[in-house]
Amino acid sequence: TRSTRPQRMLKAVQKNGTKGNPESVISAIDYFCKHSEWAMNVGDEKGSILDSVVTEVNPSTVLELGTYCGYSTVRIARLLSPGTKLITLEFNPVNAAVARQIIAYAGLQDKVILVEGSSGDLIPQMKERFGIMTFDFIFLDHWKDRYLPDIKLFEECGLLRKGSVLLADNVICPGTPEYLEYVRNSPRYESKYYPAHLEYTKVEDGLEKSVFLG
Ligand SMILES: Nc1ncnc2c1ncn2CCCCCNC(=O)c1cc(-c2ccc(F)cc2)cc(O)c1O
Ligand SMILES: [Mg+2]
């Protein structure tokens, strides 16, 4: 059967990237998306904002919701301190298989734990399966109507601590209105909007950073 877009993206990484070089993998994916096929990676503009927040937080425990091809996984993992790992959740097994290969091509497989399944099922298992107490940093980039139920799940499961940082992609496009309303009006979060554009386009989009206040 015809290849998928993520599979074609992987081929482009293997052709144009340098094995073991995360920057070259990021550049190869951005080039593919700008010149061959648009894909829903966080992209270079929002990716730079992601980089700055990860660097500022310097997290010891990290969770990503929605791996897709592993582009933001590579962006985050390349910035983590030695010995720190990130857990990333992907629902689609075909995409997960591509992501594993892209993450490995970047040489970051030892810093990433990719788990297949839905966020609603896996979040309550984080403590028992991975010995996590709380997350220092969470990147939300999965089903847009799961952002709000999942942040409530984090609270219910005691996975947030005073100072935990949540960074959400696509709060304008496709949009996560209920999530935005919640984090911007809840006394338990301090939120800040980072304006940008939908990856590889001129369409307005942005990232919302929300700090849990305990
Ligand atoms: N572990 C898990 N749990 C729950 N859902 C899970 C999951 N693992 C995966 N998924 C399922 C996520 C599927 C992809 C989510 N991302 C998106 O849907 C997305 C869409 C656009 C977009 C914008 C304008 C357009 F015209 C078209 C598309 C841009 C983006 O940056 C996006 O992140
Ligand atoms: Mg996104």
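Okay, so let's go over this structure. The model shown is predicted, which means the values in this text are computed figures rather than measured ones. (Residues numbered from 1 in each chain as written. Chains lettered and ligands numbered in written order. Predicted model: local features only at pLDDT ≥ 70, side-chain atom pairs only at ≥ 80, totals over all residues. Heavy atoms only, no water.)

1. Comments concerning the layout of surface pockets
Where we set the bar: Both site types are read off a 1 Å grid over the protein atoms alone. A 1.4 Å probe that fits but cannot get out defines a cavity, while an open set with protein on both sides within 12 Å along at least five of seven lines defines a pocket; lining residues have an atom within 4 Å of a point. Grid points are joined across faces, edges and corners, and a volume is the space filled by probe spheres set on the points. The secondary structure listing takes helices from DSSP runs of H or I that are at least 4 residues long and strands from runs of E that are at least 2 residues long, numbered from the N terminus. When residues are grouped by polarity, Ala, Val, Leu, Ile, Met, Phe, Trp, Tyr, Cys and Pro land in nonpolar, Asp, Glu, Lys and Arg in charged, and all others, Gly among them, in polar.
For the largest pocket, the calculated volume is near 460 Å³. Forming the walls of the largest pocket are 24 residues, and the residues nearest its centre are M40, G66, D141, H142 and W143. When residues of the lining of the largest pocket are traced back to their parent elements, those giving at least two are strand 2 (86–90), helix 6 (119–122) and helix 9 (171–175). Of the residues contributing to the lining of the largest pocket, the split by class is ten nonpolar, nine polar and five charged.

2. Observations regarding the state of the cysteines
Just so we agree on the cut-off: By definition, disulfides here are pairs of cysteine sulfur atoms that lie within 2.5 Å.
Counting across every chain of the model gives zero disulfides. With no disulfide of its own, C173 lies closest to C33 among cysteine sulfurs, the gap being 15 Å.

3. What to know about the side chain of D150
Put simply, the rule reads: Contact definition: two residues touch when any of their heavy atoms are within 4.5 Å.
Tracing the backbone through its elements, the reader meets D150 in helix 8 (residues 147–156). Excluding anything up to four places from it in sequence, D150 contacts L65, S119, G120, I123 and H142.

That is the geometry; function is a separate question.
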